[in-house]
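Report on the structure
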Amino acid sequence: MKTFLKVLLIVVAVIIAVKLLPIAFVIGCAVAALLAGLAVLGVSLGALLICAALAVGALLSPIWVPVLAIVGLVALCRRYGGPKMV
């Protein structure tokens, strides 16, 4: 008798799952659409931030290019001008 009850419970669970399948499908499609929209928004926002960073870098280049050149010259002088360690 226990086996009959188990089979009956499985059949009832399958019937309930089949009845709820359209609702689960709609919820799954809504979640997928939301995630796709967020992904598109995230990619767009990332591209916007990269463009803004490039624009700021280009606008500030009169400041950071000479500073970078001086730092490079100092590093070059320190490497070749210091005492030789053997």
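Check the entry above for the structure.
Our subject in this report is the structure included herewith.

Criteria and cut-off values
- Residues numbered from 1 in each chain as written.
- Predicted model: local features only at pLDDT ≥ 70, side-chain atom pairs only at ≥ 80, totals over all residues.
- Heavy atoms only, no water.
- Helix = DSSP H or I, 4+ residues; strand = E, 2+ residues; numbered from the N terminus.
- Rg over C-alpha atoms; globule rule 2.2 N^0.38 Å.
- Buried < 20%, exposed > 50% of the residue type's maximum accessible area, 1.4 Å probe, protein only.
- Areas by Shrake-Rupley, 256 points an atom, 1.4 Å probe, with all protein chains shown as cover.
- Expected span 1.5 Å × (residues − 1).
- Bend = angle between axes of the 7 residues up to and from the residue.
- Axes fitted to C-alpha atoms, helices over the stretch in contact; angles between N-to-C directions.
- Parallel < 35°, antiparallel > 145°, perpendicular 65-115°, else oblique.
- Contact = heavy atoms within 4.5 Å.
- Nonpolar A, V, L, I, M, F, W, Y, C, P; charged D, E, K, R; others polar.

1. Some words on the overall build of the protein
What the protein contains, in helices and strands, is two helices and zero strands. Its C-alpha atoms give the protein a radius of gyration of 33 Å, clearly above 12 Å, the size a compact globule of 86 residues would have. When its C-alpha atoms are laid out on the principal axes, the protein stretches across 95 × 45 × 10 Å. With 86 residues in all, the protein has 0% of them scored as buried. Here the protein displays about 7900 Å² of accessible surface, and carbon together with sulfur accounts for 85% of that area.

2. Focus on helix α1 (residues 2–59)
In this model, α1 (58 residues) spans 79 Å end to end at C-alpha, consistent with the 86 Å of a helix rising 1.5 Å per residue. Within α1, the axis deviates most sharply at L21, by approximately 45°, and proline P22 lies no more than four positions further along.

3. Some thoughts on the packing of α1 against helix α2 (residues 61–81)
Look at α1 against α2: their axes get within 5 Å of each other, and the N-to-C directions meet at 70°. By the criterion of interaxial angle, the relationship of α1 to α2 is roughly perpendicular. In contact with G57, A58 and L59 of α1, α2 contributes S61, P62 and W64. Grouping the constituent residues of the contact of α1 with α2 by class yields four nonpolar, two polar and no charged.

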